[in-house]
Structures are given as structure tokens and as C-alpha cells.
Amino acid sequence: MNNPVAGASEMTIDRDLLSQLSVRSIPEPMGVEALIRGIHRSPGLREWVTLESVALAPVPVKRGKRWRILTLLAVPIQLENRSAGLNPPWGAIEWVWPEQVVAQTINLLWYEETAALRQSGVITASPADTNVTLGIPEQTRRENALFLVLDQFLSSNPNQQAHLSSLAPHYAGLLPEEVYPYYWALIPTSKQWLRPDVSAFVLTYSQSSSESLTQNQKAEVSVPAKLVVEEPSFQESITPLLELTPPTDLTKQVESWLHQGLMLAEARELQEVVTDLQALDSRLRLPGFRLAFVGEFSRGKSTLINRLLEQPLLPVGNLPTTATLISIVPGLEDSMEVRFPQRLPEVRPLQEDSWQDLLIPEATAKNQDVLAQVRLTLNNPWLQKIDVELIDTPGAGDLTSRRAAQVFSLLSQCDAAVMLVSGTLPLSLTEVAFLEQEVIGRNVPRVLVVVSKLDTISEEERISVLADIRERVARVSAKIPVLPLHPVDKARSEARALEAVQTQIEMMVVKGERRVWRSRQVAGQLVQRLKQLIEIGKAKIAIAQMGIAEKEKASQQAQAAMQEAQLGWEQIRLNLEQRRLQCYKNLQSRIVSAKTDLLELLTFELKKTPNPKTWWEQDFPFRLRRELVVLSRKLENLLMKVLAQDIEWLQEEVSRNFPTQSYRTTVDASATQEILPSFRDLSLADVRQYRLLTRIGSSAAMIGSYVLGGPIGIVTSTVVWILGEQIINKEVEEQRNLLTQELRCVIDKAIDEYCRGIGESLRQLYNQLSEETKQEQIVWQQSKTLAIQTNGVHQDEQVWEQMINDAFNLKTEIIQALKK
Ligand SMILES: Nc1nc2c(ncn2[C@@H]2O[C@H](COP(=O)(O)OP(=O)(O)OP(=O)(O)O)[C@@H](O)[C@H]2O)c(=O)[nH]1
Ligand SMILES: [Mg+2]
């Protein structure tokens, strides 16, 4: 990091605490306990369960002929009076018993009844049978007792539905009263036995509870139709039951609203608003899907894009060629726009010499940053037809390069990727890492591997080369398709091979959802513009009623207000800085606690492996990287929440301090790096939040992607992997012991570096946020001062009143539609 000012002190890790944590013995839970305590570790779940969430006391339920275990997920918080609390549960996991496989994961936001329950707000974490919150040791003791009882219950009565009532007191000792209705909603029959009012029943936790199980209270258990999953397929570890239905598509309406807004602003010659609305309009027209072409140098990325588009569009070459991120979007006319950092975008003719300064100058310059972004608009039938944005990327040679980091980051913001590998070279570690990243955390991998250069090897060899690559890719995931770019048998033609690739790409391009969300987002921004029009109208009317002396006075007042605003701004900036530190601390503490898990997991693997040396040198770097990516995905969720809160706070502060102004947003229609929060985690009410997040567009993307793609260099930059003689010559057990020690150091270093990186990115992000908001305020203030000072074209009050009316009506219509 080249900016140590960012506060080295705030980024350190409590190493003592960590080493204490890491030496503690690792009990290996079993049964129900293993399920509940393992939610952050179990493959398939850990990407879905956010890091900060905990599982609440799980409830058994019979569905059809089988038992299931269902647990709610909620995020613990500290209440204002400093006692422990819970945010309303957000999700649930259901396992099949005794197989212990996940039957379904449920997002409570998308289930009407539970979503309604969530409205009631935070929950005090005191169990139903008492009004004090439990300390951690007592809580754990009670949980363990419940797990034990559940294990016995499930193993003794796997085919009966009775005895459920005997379990109730255990829950009363653990679950807050407010949580019961969630279980009732998910398992309607549980209402008959899962009651919070059973506190008189005193439990002896130390004894086995088999006696109480004999209380034969039969509960009629019928299966709620909505939640039945018939004979789940055990291979599909996660099948979300409650599919997100995207909100109403407003694309068509938004087009017409934008048009009406434009007419209003144009008729009154409000050029600034007109420009803003035009930018919104072009944003609405961006394609609904983004597809990246990735791979190492000279694998044929640019060549493939040219072939797909049937035109020699992108420069290709034997040496590393592409040096920029090139975005290609469908449009009515061909054009080329180049953006260098800190410069205004340049428009160039779409021809060969326009690329001169955009290619990699020499083969040695591999590691420089991606300096520019190029945006090509093409009138191309295929692009038009599939309506996607294609992105050509520079070759990413090795995992440690900054350029690779940038390409990795970009990937996190794409909907799918095509990875080019060469038929003449073996699959490299970087290529495997790319694939892994695309597969982690996704049910359906959205990546296609295309094998180039098969035409340079003999036809006999092609089949075995292709089979070999397929086998290696399948080791990462069997679901990734691998297609040759050239025919492997004589019966097929070149054209057919390319067609197959084309078809596969068309299949990946699932449109719809993204466009729906974006149209709603644009609608929200249009509302802001309409508010602005109303403000301007009011100011114009006020000015029209003033005499010359009054105008003079108003102008002076406006200027004084501007100075005051500057001072007010300084205070806001300081407070925002505090919030940034808080946000950082939050992330940091999550990282530190995740580290314990990470250490446990990898220590366990090291214990198991027959050959510690091979594991260390070959598996560990990639295992560590993978785990950091998983961790990042979870942190991103948390970060998004904190950011949304901070942005909302900033907006409130701004509107309180500058009450006469409406908040003005900026839209960058060509920003290619918009952030894509996971839509599944957004409720309709969160659309507003989403809008807030996208407002800071590229800046939020920066940190989001650091968090996602960042820790690439860490793994290799902090550690020496190849083991020295003194280790190699030791006995296996001794090797294992030494490496276990070493493992701790490595993870320490990696996490340390990771924290530092996140701290730095956060600093930049908050700075940018505050600068952007400040700029907007100043521009707005200036335009108001100007409105007072210039007399302009005389327009009578009625004209402005009409505009205010029209803008108000349109605004109301949009807000109504967004609520649906
Ligand atoms: N024979 C053969 N040559 C190919 C094939 N694909 C690409 N090439 C050649 O390989 C070289 C590199 O191709 P590019 O398309 O520039 O590769 P790239 O992946 O875009 O490379 P960078 O931009 O440097 O990352 C060029 O000389 C191409 O003509 C192929 O399938 N067969
Ligand atoms: Mg290229």
C-alpha cells in the first residue's frame, strides 16, 4: 500500500486473541449440532449464509414421510440499551433427516407472510420463558441440550409424528417470543405444539430428556402445500423454493415518462435538466446483459470477438495486444469512445489508427495497469439480436499482476464469461483460478470455455487434446461447457464449430431481470429530476414577484447561504469520516472472526492429507484463495448494508443542512462498471437502497470488486511456498506439525493484507462519496444563485405553475407505479 496515512493503527489485528483462538481444540460436532454449527462452513451453504448471520434453535418437521430440520437465520445486533438483540430473521435452511442434506434454502423476504412479520423490527434476544437475555455460556448449554434432545427424538421416532409437544420447553428457553410466528408461518402445523407459554415446565438440561419424550401428545401434522418438496434430489444441494419474482417491468412506461419529463424541461429551456434526462434515457437503453471474454495473453479473445461479429473490429497480434477494457454495445451507429482516467472522453473514428496508443507497447509491459476504457457502439445484427454488452479484456498472465486483479474485478460485475484457452498449451493455474472464481457461489456457473488454435495441431491429436482440457475443466466443475473453435472431426465444418459457440453464448444470455431492475432505478431517478423541476418552478415564481431591490437582496442571501453551506459541509465530512472508521471496524471484526473458521478448516485439511508437502505446495495456495473469495462474497453483503445506511445518512444530513435544495444526482450513462448487488437479497422496499448504491456507481464498484477479486496477489506475495530442505527431509508427521505452525503465520499475513486493502479501498470510496456530494451541492447552489441574478426570458407565473402541476402529477404517477 502506498498510503500508510490511512491509519496503520486502525488496521492491525489482535494477534494475541487470534493465537488464543487458534490453539483452542477443535471439537467435531455431530448430528443436529453439526448442521447448525456448520452453516458457515458447509459447502453450498456458506456462500449463501451471510457471515454475520446465526442459526436459531432448529425445529423438526415431518414433510410427507420424512423428517426435516428447519432453522431460521438472523443477524445478532446490540440494542440501544446495549443488551443483545436480533434483526428480524431473513432466511431459513431446511435439511433432510437423516441424510443431513440441504433440502431448501428460503429467503424470507420473498415470502409474503414472513416478509410482513419482518416489518415489526428488532427483537430483544431474551427467550420466551424469561425476560433477561442469556449469557453466551448459558445459551450454548441450552442449545446443546436441545441438539441432544433432537438427535434422540429423531433417532428414536423417525417414523412417528408424536411427542413434538415435549420439545416445546426447550424452545421456550431459547427462542424470543417474536421468533415463534416465523416458524408458524413456515410450518403451519407447528403452531399446535411450538408454544412460547410453556415456561412452567422446568427442564433438567443435564439429564437426557428421553422421559419427557414419552409424553404422548399427538400433534396432527399435515404438510403445508406451499412448502412441500416432493422427493428432493440430493444432488441439488440448494434449490431455492421461493423463487424471486422480479417486480413489474416498467421499461415501457419509463420511456414515456422520460419523454414527458423532457418535454416539460425543454419547453421551459431548462438545459441542465434536459441534459440529465437525456443521460437517463441512454442509460435505459444499455443492453441487459454483460459478457466478458477472458484468458491469458494471445489465446484469441479478440480474434473470437471479431469472428462472432463478422468484422475485423479489434486489433489482434502474436504479442500481448489488448491493453484496455473494451466494451462493445449494440447501437444505431458505429462509434468509438476512449476514456483515460482524469480526462474527458474522446470520440475517435472507428478505424485502425485509432488504436495506436491503446495497445500494449512491448511484450515486457505486461504488468502495467489497465489504463483506459474503450467503448464501441456497433450497428451489428448479431449484437443487436442478442442485446448484450461484450467486453474484451487484456490477457491476464499471472495471478499476482495488477492487471489480472483488474480483470478479476471486472468479472465480478459481469453476468457471464467466455474463457479462451489454447489447444497448444496446457491449462495453467491462472486459468483454473479464473474458472474457480466463476463457479464459486453460483448455482449455475455462467462460464463457457472455448478452445482456440486447434487448427494448428493435427486432426488426430485434436480429439485427445480436447478430451484432456475437458477433463481438467470438469475437475473444477462438471457443469462448465467446453467447446472447440475448430472442428475435431472431418464431418464438421469450421462454420459449424463457430456456430456451436454462438449458440452456446445465446443460451447463456438470459435477459430480463436486469433490465427490469434498471428501468425501476431510472424511474426513481426521474422522480428526483421532477422534484428538481418543481423546486425551480417555485424559485422562478418567487423571483417574478420581486422588485429590483429585493432581487439584489435575494442574490446576496444566496451567496451568503453558499458560504454557510461550505462550513456545514466540513462538519458533514468529519462525521462521514467517523462512519467510515466504524464501517472499517465492522468489516475488520468480521474478518477476524472468520479467520478462526478459516484456520480450523485448513488445519483440518492439513491433518487429513497423506502428503503434507504436496498439499502445501499445490493445493494450499488455491484453497486459501478460494476461501478468501468466499469470505469476500459474504463481506460484500455486509458492506452493501453499511454503505446503504451511510449514503442514506449522508442524504439526510445534506437535506437537513441545505433545506432549500433538492438533492441532485449525477448519472453517468457510460459508466461501464456499475455495481450489481445480489438481487435476491433485495426486497421491493430495498429498491430505493439499490438506487442509492448505483448512484455512486463506479466508486462503489471499486470497493465491491476489491472485496470480490482483491486477494489475488496476497497469496503469492506474502508467502514463500516452496519448502526448504529442512522440512522436506522430515518425517511426514513432523512435516505436518511444522506446516500447521506455518499455516497460522500464512493466514495471519494473508488476512492482515486483506484488511489493509479493504481499509484503503474504503478510504478512497468514502472520500469520493463525500467529494461527489459536495460538488453536486455547489453546482446546485450556483445554479440557484444564477437563476436569481439573471432575468432570463420573461415567462409569466402561470407558465411555471403549469410546470409545477405537470411535474407533480407525473411524479405521483411514477411513485404509485413503483409501489406496485
Ligand atoms: N491458428 C490460430 N491462430 C489464432 C487463433 N486464435 C487466435 N489466433 C492468433 O493468435 C494471436 C493472438 O490472438 P488475439 O486475438 O490477439 O489474442 P488475445 O487473447 O486477444 O490476446 P491479448 O489481447 O494479447 O490478451 C493472433 O496472431 C491470432 O491471429 C486460432 O484459433 N487459430
Ligand atoms: Mg486481445
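Residues numbered from 1 in each chain as written. Chains lettered and ligands numbered in written order. Predicted model: local features only at pLDDT ≥ 70, side-chain atom pairs only at ≥ 80, totals over all residues. Heavy atoms only, no water.

- The protein has the name GTPase, putative in an unreviewed UniProt entry, where Coleofasciculus chthonoplastes PCC 7420 is given as its organism.

Section: the sheet that holds strand β13 (residues 373–378)
Inference 1: Overall, mixed pairing links the 9 strands, which are arranged β12-β11-β13-β10-β14-β9-β15-β16-β17 in an open sheet. The two strands at the open ends of the sheet, each matched to only one other strand, are β12 (346–348) and β17 (482–484). Each adjacent strand pair in this sheet contributes to an overall mean axis angle of 20 degrees, direction not counted.
Inference 2: In this sheet, strand β16 (residues 447–452) lies alongside strand β15 (residues 416–422) in parallel orientation, the contact comprising 6 bridges. Each residue of the ladder has a partner; that of Leu420, found in β16, is Val450.
Inference 3: Strands in contact with helix α14 (residues 459–476) are β15, β16 and β17; relative to β17, the strand with the most contacts, it is inclined by about 160 degrees. (Pairing = 2+ DSSP bridges. Helix = DSSP H or I, 4+ residues; strand = E, 2+ residues; numbered from the N terminus. Axes fitted to C-alpha atoms, helices over the stretch in contact; angles between N-to-C directions. Contact = heavy atoms within 4.5 Å.)

Quick look at the packing of helix α4 (residues 136–156) against helix α5 (residues 164–172)
Helix packing geometry: the angle between the two helix axes and the distance between the axes.
Inference 1: In contact at an axis separation of 10 Å, α4 and α5 are set at 170 degrees when each is read in the N-to-C sense. By the angle class used here, α4 and α5 are roughly antiparallel. Contacts between α4 and α5 involve Ala145, Leu146, Val149, Leu150 and Phe153 from the first element and Leu164, Leu167, His170 and Tyr171 from the second.
Inference 2: The residue inventory of the contact of α4 with α5, partitioned by class, reads 8 nonpolar, 1 polar and no charged. (Parallel < 35°, antiparallel > 145°, perpendicular 65-115°, else oblique. Nonpolar A, V, L, I, M, F, W, Y, C, P; charged D, E, K, R; others polar.)

Some details on the site of ligand 1
Inference 1: The full set close to ligand 1 counts 20 residues, and Lys301, Ser302, Thr303, Thr321 and Thr322 are the nearest of them.
Inference 2: Within the backbone of Ser298, a nitrogen or oxygen atom sits 2.9 Å from an oxygen atom of ligand 1.
Inference 3: Measuring from an oxygen atom of ligand 1, one finds a side-chain N or O atom of Thr303 at 2.5 Å.
Inference 4: In terms of residue count, the dominant contributor to the shell around ligand 1 is helix α10 (residues 301–309) (3 residues).
Inference 5: Looking at the shell around ligand 1, its residues break down into 4 nonpolar, 12 polar and 4 charged. (Near = heavy atom within 4 Å. Polar contact = N/O pair within 3.5 Å; in protein donor to acceptor, adjacent residues only side chain to side chain.)

Concerning unusual backbone geometry
Inference 1: Residue Pro98 follows Trp97 across a cis peptide bond; omega there is 5 degrees.
Inference 2: One non-glycine residue with positive phi stands out, namely Gln100, at about 60 degrees.
Inference 3: Within the secondary structure, Gln100 sits in the loop between β6 (91–97) and β7 (101–107).
Inference 4: The partly exposed category is assigned to Gln100, whose relative accessible area is 31%.
Inference 5: One non-glycine residue, Glu310, lies in the positive phi region at around 55 degrees.
Inference 6: As for its position among the elements, Glu310 is in the loop between α10 and β10 (325–330). (Buried < 20%, exposed > 50% of the residue type's maximum accessible area, 1.4 Å probe, protein only.)

A few points about the pairing of strand β11 (residues 335–339)
Inference 1: Every second residue of β11 is oriented toward a common face, the buried set being Met336 and Val338 and the non-buried set Ser335, Glu337 and Arg339.
Inference 2: Two strands pair when backbone bridges link them, and β11 and β13 are joined in this way by 5 bridges, in the antiparallel orientation. Its bridge partner being in β13, Val338 is matched across the sheet by Val374.
Inference 3: As defined by bridge partners, β11 adjoins β12 across 3 bridges and the pair is classed as antiparallel.

A short note on α5
Inference 1: With 9 of 9 residues buried, α5 is to be regarded as a mostly interior element.
Inference 2: Those residues of α5 that fall on the buried side of the exposure criterion are Leu164, Ser165, Ser166, Leu167, Ala168, Pro169, His170, Tyr171 and Ala172.

Let's talk about the environment of Arg496
Inference 1: Structurally, Arg496 can be placed in helix α15 (residues 494–508).
Inference 2: For Arg496, a relative accessible area of 44% puts it in the partly exposed group.
Inference 3: Separated by 11 residues in sequence, Arg496 and Leu485 place their C-alpha atoms 9.2 Å apart.

A closer look at the nonpolar core
Inference 1: In this structure, Leu72, Trp95, Tyr171, Tyr183 and Leu186 are the most contacted members of the largest nonpolar core, which totals 50 residues.
Inference 2: Apart from residues no more than four positions distant in its own chain, Tyr183 is found in contact with Leu56, Ala57, Pro58, Val59, Leu70, Thr71, Leu72, Leu175, Ser190 and Leu194.
Inference 3: Formed by 39 residues, the second largest nonpolar core is a distinct cluster that contains Trp569, Leu599, Leu631 and Leu638. (Core = buried A, V, L, I, M, F, W, Y, C linked by side-chain atoms within 4.5 Å.)

A short note on the packing of aromatic side chains
Inference 1: Counted by the stated rule, this structure contains 3 aromatic pairs.
Inference 2: With centroids separated by 5.4 Å and ring planes inclined at 75 degrees, the aromatic side chains of Trp67 and Phe153 adopt a geometry described as edge-to-face. In this pair, Trp67 is assigned in strand β3 (residues 66–74) and Phe153 in helix α4, connecting sequence segments 86 residues apart. The pair formed by Trp67 and Phe153 is uniform in burial state, with each residue classed as buried.
Inference 3: Measuring from centroid to centroid gives 5.8 Å for Tyr171 and Trp193, while their planes differ by 65 degrees, and the two rings are edge-to-face. Of the two residues, Tyr171 sits in helix α5 while Trp193 sits in the loop between α6 (180–186) and α7 (210–213), which places them 22 residues apart along the sequence. The residues Tyr171 and Trp193 share a single accessibility class, namely buried. (Phe/Tyr/Trp six-rings, centres within 6.5 Å; stacked < 30°, edge-to-face > 60°.)

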